[in-house]
Structure formats: structure tokens, C-alpha cells
Amino acid sequence: MADAEETNPPAENTMENEPQQQNETSTNGADAGTNLATENTDTLVASESAEQIEGNTSSAGENNLPAEDVTQPTGEAEQVTHSADDTQTPPEDDTNATSAETTPPKDDTNAASAENTQAPPKDDTNAASAENAQAPSAQDTQERPSDEAQAQPTEGQAAVSDQHPCETEELGEIVGPEPSSTSMPGKGMSLSTSKQDSVAPPNTEAEPQTEQSGSGAPTPPPALTKTSRPSTAASEVVLTNTALNMVWSFGHNRNVPVLNLSDSERKLIMYTCAHTGIIYDFISNKQYLLQGHANAITCTCVSEDKKWLATSDKGEGSMVIVWDTHTNTPVQTLFEPAVSGVVCISMTRDARYLATLSAGPKQMLCVWDWTVDGDAPICSAELKSSYGLQNYIHFNPEDIHFIVTNSESQVIFYNWEPGRMEYYAPPLTDQDFNKPVGRYSQSIFQSNSSRALTATSIGNLVVWESNKPITKAHNLPSADKKPLKIIRLQEKGINVLTVTDQFIVVGDTAGHVKFFDQSLKLVNWYQSFNLGSVNSLSFEYVDNFSQVAPESSKYPPDATILASQFVIRDFIVGTHSAMFGHVTAEGTKVKVIHKEHDAATHALASHPFQCWMAVGGFSGFLKVWDYRKKIVIGSRQFEKGNHIYSCTYDPKGAFLAVGFANGSVRILDAISLDEETEEVLRYSRDTVTHIVFSHDSQYLATADAEYTVTVFKRDLYNETFPYQYVGRYRAHYKLIKDIMFGIQLDSNFPRLLSLGEDRVLVEYDLENSTDGLKILSSDRIEQSAIPTCMEWYPPITKENFILTANDQFKYKLYNATTKMCRKTLLGPAYGSPIKKLCVIPTADEINDKRYLAYITKDKVGLQIFPLDGNPHNSMALIAHPGGASNMAVSHDGKYLFTVGGADATLHMWYININALEAQASVGGKDLIPFYGLLDGGRDGELFAELEDYFYYAQIRNQGVNTMDTRMVDIKIPLSEVPFVMRAMGFYPSEQEIEDMLNEVKFSQYVETGEFVDDIDLGDFIKLYINHRPAFGLSTNKLAWAFEKLGLPSEYGYSVDRGDLLDILQTKGEHMTEIELAEYLTTLMGFNEEGGSSELHEFDPTTAGDLLDANLPVQINAGLFAQEILGFSMMGEDATSAS
């Protein structure tokens, strides 16, 4: 064993600059195919640990495994041949993405222009691709921290370190030929890159290709005044032209193997974080972000020389992108290579051809000549669903026209030529060799042989041989293979089977890596990496690599009798436990590059005045990052069963409170992460979903999945239990969506509120909660919508508001004292409602302009205050395609952080306020943005009708039959607003009408002390846009109501006439029997149009007979919509049995 020596890389002293504010036009994002790579630099390596683990190389002498008896299994291999005539190709795209330059290809259809320019609210199902096509660019330079050792955390103990995470013994230099230029493999494309161009120059930014919504070139916005931003002592230079730009990504997707891109000149690895590829320089701590995918990346591959990298995803708008790893730019894009995306991808050694396996039950194997044409594969084959989901591909390196793929239950061999592909699926069961086979993991071709090998989950190796023996008369290789034998290679299951030089390499579930020669004799193995179950092995590229050990080298001896020095390339080990390390073969040194969360992450908290970000997950792993220096300053692994769900810092920065899925709460020291209480606070039996401190750190409140709120109070004189239990209260009967502390208006005493899925806003009486938690008020704030989150409206108005968001894409402002709904506003409408809000901090909360950050199901966005319903004042980008679970903002308001739940990644976004302001200015001022939300705009029929309704409302108010002189005004009384709204096609409930009238009535009361009793056309348009349903009337809601209330019948779900009349009177808003009779008879055409609202007479004595004779006994959703309401919106049969 070689002793590990620590040497520190030279320090790099660079000063940070203040971020330069840009008055640039905010554009609509890039085209659907625009993919951009971003360099994020830092002179510190952000890895988990500096611990060096020396791999023990055990010598066991020659280990010649006995060959098994050769037995011919029963069954014949199934052969399928696909010619060019029956080759299925994906939909063609008229984008020619084969440019010889490094500029990414563009798609003619800009599917996401509405996302960044905030067009009228629409369903954004097709806006996923371009939302993500942003081009963040950031270079962060910092001084190196001290060289103190970082201790590895043990179970139940904290580990704190400020050491460079990757400081270890310097690797032996590997010298190779220095290329002067590089060329695109294959024909049809050439790309010349000098050595100087292979690394992005410092202080240069990659500008995204942008396109303005609509036709023509983008119009520059008017000059903007510099937005007030908080000042910081040290800032990075971040030049952007979009409001949010990803500058770093913490964590990684452990299910996608890590790739080693290292060669003689660089030390790089490639891994994925959600929909972003990360090229990471683990020596100089630089990240290069490969952005362009709208879905989470599912698979990657790299060419033998590490120059060409391919990434792919699955889902709507999937694509395959080929990158040049020397310039970190895309060179080819395959749009929608399969209907449902790609689950596996492989590249030939010369990088000319790509092979993809589609997702879905009917898989397609396609081969692409991507250097010439990216529109269609050159050959393909459809696989049977009985073969299982094929999830691994391997080209034969000696003859690329042979491919092997496997699922857990079936191995398939292919022989292909352009326009033709045939495959064979040889059967193999446990009975064929009278021994269990196991689940297949990976397959390879043996060198200089017609055989292939497949590893299994129980340590077996299946040997496949050509079905027709190779003779002198017949010496051509064949894809028609049969199982020759099963070799019991080891006890542990094999996850990885690969080849390096002349060695066959396996990685297993025990974390061991073993090297065999081509005759399957064990040559060497590593068993003390302590990284976890291996799921990837990737070797660096060294041109003309020699396996002859130089003199005085420190290569370990192999496991043969001769004990020769074991010379291999350095390699990267990735594991299922979200760790990967770099193994230096000479000296057998292991450097842990990353140790991340291997389970879903939900807990996220930003320190109140330090550049620290705490993140915790279901693995029980709590990690604190210094997001400026990109280093880990502390971590702690909690005992098994402690799944972290929530966390928060107290405002003074002394404590970090952590909530767990088992209902317990721990209060930790913010620096050491040690317990501050002798015992765990355990007052709940279910998940602690929310945890917050009061502004003065005197109170701590939690909400749990049992719908209860628990409060603790600070005890300064008790060092054992600094926070004492006050009480619990179950004030909600559904899940609590949010809790927050505030400050009472007439004092500095905290106030606590909770908001539930039951539409109830509860305020707790903290002052009088001496013998248990008490309730101060409980108000139902929504009628039909479900609130999703809340936040304090910033102090930019004289009136204090509580801001909420709901699942109908609306913001609502409630008076902080009376809880009256004071304003309803159209919120961002990007396919899913807002799930969390954060007001961005600023230096001067009173005078600075304020901004709001939010997350939806999968997006992150910004909004400009004050809220007014203008869609151009907000923007959004895809943050986590699998779902964003939490969000936090840095204490200085410069950075936004999002965690992705299941993807276990943390994204760091730079906030560029000037870009957001520029976008808003492009959208227009005053009523211009709202005209665009009306059908037809300012010159459309709807606006002309609205003007007519305005004049008619004045006639109604003055009296239809009056002979007095008419007074024409630009305003109408508030009493006419409900009628004009209904004439416009919006049918508000009585509660919604009251909210609208109160909104206008009290709009100037705080400033003038007077009520407003009329409204002009401009304010009415804003009121209409903000209050109407974001996506119009929905047939699904009506059909859902009949499914819940009715019974199955011949015509769908139907409700009895008597039951329907009773429900309409007793449920929801109250209607009297006379009112119901009038409304139904008027809708059915038996009264004059308009009824009593138009001053017509109504006779209630005949209404009952009319309804009994004309209203069917059984009523379904279609009949109710078409025959009663008069809406032609239901596609089902509207007839009903009478």
C-alpha cells in the first residue's frame, strides 16, 4: 500500500467584480433546438471529501476459472430482418442541423416564445424545449481556503471542513501527442479547433441565439434606469441577457453513469443534473453547463478520444445532442429521435455512428450517421415487447456493423448495413444449463473472438458463441448467436461490464472492481474503495498508451505468479450511493470527487447573512455548501430512518432547525451541525412539511402531514432545551400548504398564520398561548380554488397585504388585519400552478423596487412588483423536469436556488433584474399588455362589443324607458359590473362579484378615505382579465361534477331532476325556490330574455308546471350544458330519458 501524500495546488488570487447590469432586450428564449454550453469557473474544487482511500490490491496467484461443460440449450434464436423499405423513421424536421461550425442547429418552430415573453396565459405543453434553451455564463474566481483536513462524517456525527475537497497527492503526468487541430469524424462535416480554442477563454460569454416573438428582428427596449441592487463585498462577473441563468449545479443523477473525459491535457468528468449535462474539471473546480434538453437526461455516451459527447432524454420534445467537449458547444441535434424519447445511446469508437434505443413498450433500435444527416436513421428495427425494455447498447469495436443490446431478461444481437438491419434474440432459461442465470446487466464483445459476454445480477457471465461455427470456408462473423456456457465469475452481482485495453473489467454490488484477461483469468482487483455499489466505470484516454511500467514507478503488482506491475489507465468509479471517485493507477490513490444525495431532496434553506445553503434529503444526509466558493463547509449523516423533509435557519444565523419524515425536529448548531438539545423534539407522528422561525428567533413553528401546527418558544435560561414546547393545534382538516410568521402592526410581537388545502387561513394567538396554542381567527378565503402558498406582500403600499397563489393561476391580496380579499390578479400560467413564493431580499425594503420569485411544478420564475396581472412582468424557465420541490433565495438577493426532489439536484440561478425589466418594457405600458389578452386585441370584435355593453349599461342605469336627456359618460356604476361581465362570457359567483366590487370600491380608500362607486373602461378591462378563468370555461369540471353527484346510466352519469333542483338550492351559494324557477325557465326560453334583471315581469305560479313538463327526469352533463345553459361545449350525447 502506498502512503498518500497531500500536496496543495497553487493558489490563484483573483478579485471578484461587481455584477455588470445590462440594459439589454429580454428575448423569448432560444429556438427549440438551441443548445448552449456555459462555463462556470472557480479555483476551488467542490467535492465532498479530501479523504484518500488506498485501494488494496490483493494477490491471489493465478485464478484460472474452470470452463463449464458445453451444453446446447433448447430453443432456437428468433431472427428478424428489417430492410430500408420498412424502416420507421421519426418525424422529419426541416432544420438542417449539420453545420460545420459549433453553432447549435435551430428548429424552425419556436415552441417556447410565449414562455419568456409572457404571452397571454395558454397551456404550455409545447413550450418545454425552448424554456430551457437559455445560455447562462458565469466565471467565479475565489481565493483558496486553508489546507486543513476535512473529516468524513460518520453516522450521527457532524463533519465540518474548509479544506479544498480534492487536495491530494498530485497525479503522475501522462504525456501524449499534442493535437494541433481536430476534425469531425466521418464525412460531410469538418470542424477545426486549435489547441487555444479547446478551452473557453476567461471572461468570455456564450450569447444565446434569441428570437423575438412574432415576425421580424427583436426590437430593442427603451433605455432602462439602473435597478437598485444590494451591494456585496465580493461579486462575480455574470453577464446575461435573461432574467434567470443557471450558474452552478450541485448534486447529480446517480442513475446516469458518469463519464471520464480526461486525457493527457485535462482532468474532466461528465455527469447529469436533471436536464443539464455537467462537464466538471475536478482539478480546477470548473463546471461547463450543457443546456438544451427540456426533459431530464436519461443517457450519455462519449467517443473513444473523449472529444464527442452525446446526450439524450425521453419525453415530449425529446432530442439527442452531440457536443464537442473541447469547446463545450453542440454540433448536431437529432430532434425527436423516437416518439417517447431515448433510454440508451452508444457511439462507435470513431464517433461516426450513433445507436439509440427508444423508450416505450415498442422499442426501436436506430443507427444514425449523425455527421451527415440528423433527420432520419440510416437503419432501424422494431423490437417485440416480450423482449423487455432493452437498456444497454454496445458496438463491436472490431466491426461496428455488429451490435448487442440487453434488457434484464433478453440479449439481442444485430447485424446492420445502411438501409438494412437484422437481429437475433437467442433464448436462455435457468433450465438450459440447470443453474440460475440472473438478470442481465451489461454485454460486450470479446476481442479477437466471435464470442460475446453478458454479466448478470448474481455474479454469472453468460458466454455467447456464433450459432454457425467459423471455419475456413465460412469465416465471416455472425449475429446469430447461442449461449455457450455460464461461468460463475463471483458471488456478488455484476453491475458493470466493460473493456479497457486488453482487460475485461467488472464492477459489482460490493463496490469491487476486477480486471480479467481475455481468457477470463483474474489479473487484479480493487476492493477497498468504500464508495458503494458500482454502477459505472470509465477510463481516461491516453493516445498510444503503453502498459510497460517506467522505472521507479509505483504501479501495484498484479495477482499473477510473476507479480508484474499492473499498468492501467486512470479511471472514474461511479456508484449507486451517489458517490464517484478518481482512481490514480500509479500508487493506487482514490480521490472522492463528489458525495451527494442518493435520495429525493426537499429541504432547502439559505443562511440569513452568510453565503451558505443547506440542503437535505430522504437519505438522511444534510449538507451545507458555501455557494460562492463552491465548497462543502459541513455535512452530517443522520441515523437510518431519519428522512429529512424541511429545514430553516433562524434569523440570527445561530441555529438550523431540521424537520424529518418521522415527525421529529432537531435544532442544530448552524456551523458544527451538532445537536443543541439533549433530546429530539418529537411531538408529531407524521412528516414535518414546514418549519419556520419568527423574525426575532423567539418562536419556532412547524406544520406536519397530520394537519397540525406545533409551536416552540425560546428559553434563554435553559441551555439543555433552548426551545420549549408551547402547544399543538389542528386547525385544518386538509393538508397545510404553508405557514409563516409576521409582525404585528402596532408592536414588534410575532404573529403566526397557516394556510390549508381546506381553503382556510388561520391566525394563532401567540400572546395568550401560555397553556397551549390558541386560535385568534379562522377565515375561509377561497370559494372554489385551492390555495397553494402565501407570502407577505412587500411594504410598497400603504395597506398591508397577505399574498396568496391558488391552483386557478391567480394571485390574491388579503388585508393583513381584516382578511378581506382586496385584489385578484392573473398569475403566471405555465401549465401548472405556483407552489411556492419568495420575495427577493433587497438592501432598502422601502425604496428599492421589489421582485418575486416562484416555482411551479417544474419551472422557476420571476415577477415584478407591484402585481397587476400584466403577463409581461413575469418569466419562467424549466428548472427540474421531474418536478421542483423547494426554493430559496440568497440573503443578498443575487441568487435563486431550486431543488428537484426526485432528481436530487440543487440548481443555482443568477438573478438579472435588468433583463426582467427589459422584457417588461418590450411588452408595452398601461393597457397595451391587457389588450393583447382580449380575443382579437384592441381592434377585435370583443373590444367593440365591450364598448357597446358600456353604453348600454349606462342606459340601463339611467332607465330604459326614461324620456330625460341621456348623460353619456366614460364610466359605469359598480352595480352594472356583474351584468357586463356576464355579457362578456364570464359568469362569476356571488362571492366573486362581491370580491370584484370590493376591489374597486376600496381601491383608493387608504389614500383618500373615500369609496369608489364607478369604473372606467380601462379599469374594467383589467378587472375582467384578472378575474375571468385563466383558461376559459372547462367542460371537465362540469363532467366531473356529474360524475360525483350522479349515477351511471345509458347516457353517462346522470342526476335525478329532483335531486338536481335540491342541490342547486341547498349546496354552494343559496338560491330561493322562486329565484331557481325564474333562472331555469328563462334559460329554457319561457321568459323574456334577461328576465327580471332587464325589468321584465316573472310569474312564479306557472314555473313549476313548465319545469315539470320540459325538464327531463334524468339529466346528464351534456344535456345540462347544451339544453339548459346553452353552451355547445360537451361532445357527448345530450339526450336523456324523459
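The shown structure was predicted, so the numbers you read here are calculated from the model rather than taken from an experiment.

Colleague: Mind showing me how you'd approach the overall build of the protein here?
Modeller: What the protein contains, in helices and strands, is 14 helices and 66 strands. Within the protein, contacts between residues separated by at least 24 positions form 59% of all contacts whose residues are at least 6 apart in sequence.

Colleague: Is there a simple way to explain helix 7 (residues 990-1001) in this structure?
Modeller: For an α-helix, 3.6 residues make a turn, and residues three or four places apart therefore share a direction. In a regular helix each residue adds 1.5 Å, so 12 residues correspond to 16 Å; helix 7 covers 16 Å between its end C-alpha atoms and thus fits that length. Of the residues making up helix 7, those classed as buried are I993, D995, M996, N998, E999 and V1000. Against strand 53 (810-815), strand 54 (821-826), helix 6 (977-983), strand 63 (1014-1016) and helix 9 (1017-1027) lie the buried residues of helix 7.

Colleague: Looking at this structure, how should I read the sheet that holds strand 56 (residues 851-855)?
Modeller: Strand pairing in a sheet is mediated by backbone hydrogen bonds. Such pairs are either parallel or antiparallel. On the basis of which strands lie adjacent, the open sheet formed by 4 strands has the order 55-56-57-58 and antiparallel pairing. Only two strands of the sheet have a single neighbouring strand rather than two, namely strand 55 (836-839) and strand 58 (874-878). Adjacent strand axes in the sheet meet at a mean angle of 20° when their direction is disregarded. Two elements, strand 56 and strand 57 (residues 859-864), share 5 bridges in a ladder whose sense is antiparallel.

Colleague: Please clarify how the sheet that holds strand 66 (residues 1114-1116) should be interpreted in this entry.
Modeller: Reading across from one edge, 64-65-66 is the order of the 3 strands in this open sheet, with antiparallel pairing throughout. The open sheet has two edge strands with one neighbour each: strand 64 (1047-1049) and strand 66. Each strand of the sheet is rotated relative to its neighbour by a mean of 55°, with strand direction disregarded. With 3 bridges joining them, strand 64 and strand 65 (residues 1052-1056) adopt antiparallel strand pairing.

Colleague: So what exactly am I meant to see when it comes to the pattern of salt bridges here?
Modeller: Oppositely charged side chains can form a pair if their charged atoms are brought close together. Counting across every chain of the model gives 29 salt bridges. We note a salt bridge from K774 to D771, for which the minimum N-O separation is 2.5 Å. In this structure K774 comes out as partly exposed when scored by relative accessible area, which is 31%. Note on D771: relative accessible area 63%, which makes it exposed. A single network of salt bridges, built from pairs that share partners, joins R636, E639, R666 and E675.

Colleague: Honestly, the pairing of strand 17 (residues 364-368) in this entry has me stumped. Any pointers?
Modeller: Burial analysis of strand 17 places 5 of its 5 residues in the buried class, which makes it a mostly covered element. Side-chain alternation along strand 17 places M364, C366 and W368 on one buried face and L365 and V367 on a second face that is also buried. Of the strand pairs in this sheet, strand 16 (residues 354-358) and strand 17 are connected by 4 bridges, and their pairing is antiparallel. Its bridge partner lying in strand 17, L357 is registered against L365. The pairing of strand 17 with strand 18 (residues 379-382) spans 4 bridges and is classified as antiparallel.

Colleague: What's the story with the packing of aromatic side chains in this structure? I'm lost.
Modeller: What characterises a pair of aromatic rings is the spacing of the ring centres plus the angle enclosed by the ring planes. Enumeration according to the criterion identifies 41 aromatic pairs in this entry. Measuring from ring centre to ring centre gives 5.7 Å for F413 and W464, while their planes differ by 65°; the resulting arrangement is edge-to-face. Of the two residues, F413 sits in strand 21 (residues 411-417) while W464 sits in strand 25 (residues 460-466), which places them 51 residues apart along the sequence. The class of W464 is buried, set by a relative accessible area of 0%.

Colleague: I keep staring at the side chain of S697 and nothing clicks. Help me out?
Modeller: The topology assignment puts S697 in the loop between strand 43 (688-693) and strand 44 (699-704). Setting aside its immediate chain neighbours within four residues, S697 contacts D650, P651, K652, R714 and Y723.

Colleague: How should unusual backbone geometry be read in this particular structure?
Modeller: Trans is the common state for peptide bonds, and a negative phi is the common state for residues other than glycine. In the segment running from F865 into P866, the intervening peptide bond is cis, with an omega of -5°. Mapping P866 onto the fold places it in the loop between strand 57 and strand 58. Non-glycine residue T588 carries a positive phi angle of around 50°. Relative to the elements of secondary structure, T588 occurs in the loop between strand 33 (579-584) and strand 34 (589-595). Positive phi values are uncommon outside glycine, yet D926 reaches one of about 55°. Within the fold, D926 resides in the loop between helix 3 (913-922) and helix 4 (928-931). Residue class for D926 comes out exposed when judged on its relative accessible area of 66%.

Colleague: Sorry if this is basic, but what is going on with the nonpolar core here?
Modeller: A general tendency of soluble globular proteins is for nonpolar side chains to be buried together. Among the nonpolar cores identified, the biggest contains 51 residues, and L244, I269, L862 and L896 are the most heavily contacted of them. Apart from residues no more than four positions distant in its own chain, L896 is found in contact with L244, A853, V860, M887, A888, V889, H907, M908, W909 and I911. Grouped together as the second largest cluster of nonpolar side chains are 32 residues, Y931, L942, F986 and I1021 included.

Colleague: So what exactly am I meant to see when it comes to the packing of helix 10 (residues 1035-1045) against helix 14 (residues 1117-1124) here?
Modeller: A pair of packed helices is captured by two measures, namely the crossing angle of their axes and the spacing between those axes. It is at 9 Å that the axes of helix 10 and helix 14 come closest, and there the two elements cross at 130°. One finds that helix 10 runs oblique with respect to helix 14. On helix 14, the residues that touch L1038, A1039 and F1042 of helix 10 are A1117, F1120 and A1121. In the contact of helix 10 with helix 14, the residues fall into 6 nonpolar, no polar and no charged.

Colleague: Is there a simple way to think about the environment of D1062 in this case?
Modeller: If you trace the backbone, D1062 turns up in helix 11 (residues 1057-1066). Counting along the chain gives 11 residues from D1062 to E1073, while the straight-line C-alpha distance between them is 9.4 Å.

Colleague: How should I be thinking about the confidence of the model for the protein in this particular structure?
Modeller: Any residue range with low pLDDT should be treated as having predicted coordinates unsuitable for detailed reading. On average, residues of the protein carry a pLDDT of 80, and 76% of them reach 70 or more. Per-residue pLDDT stays below 50 along residues 1-74; that stretch engages in 316 contacts with residues further than four places along the chain or on separate chains. Across residues 1132-1138, where pLDDT falls below 50, the model places 24 contacts with residues more than four positions away in sequence or in other chains.

About the thresholds
Residues numbered from 1 in each chain as written. Predicted model: local features only at pLDDT ≥ 70, side-chain atom pairs only at ≥ 80, totals over all residues. Heavy atoms only, no water. Helix = DSSP H or I, 4+ residues; strand = E, 2+ residues; numbered from the N terminus. Contact = heavy atoms within 4.5 Å. Expected span 1.5 Å × (residues − 1). Buried < 20%, exposed > 50% of the residue type's maximum accessible area, 1.4 Å probe, protein only. Pairing = 2+ DSSP bridges. Axes fitted to C-alpha atoms, helices over the stretch in contact; angles between N-to-C directions. Salt bridge = Lys/Arg side-chain N within 4 Å of Asp/Glu carboxyl O. Phe/Tyr/Trp six-rings, centres within 6.5 Å; stacked < 30°, edge-to-face > 60°. Core = buried A, V, L, I, M, F, W, Y, C linked by side-chain atoms within 4.5 Å. Parallel < 35°, antiparallel > 145°, perpendicular 65-115°, else oblique. Nonpolar A, V, L, I, M, F, W, Y, C, P; charged D, E, K, R; others polar. pLDDT = per-residue confidence, 0-100.

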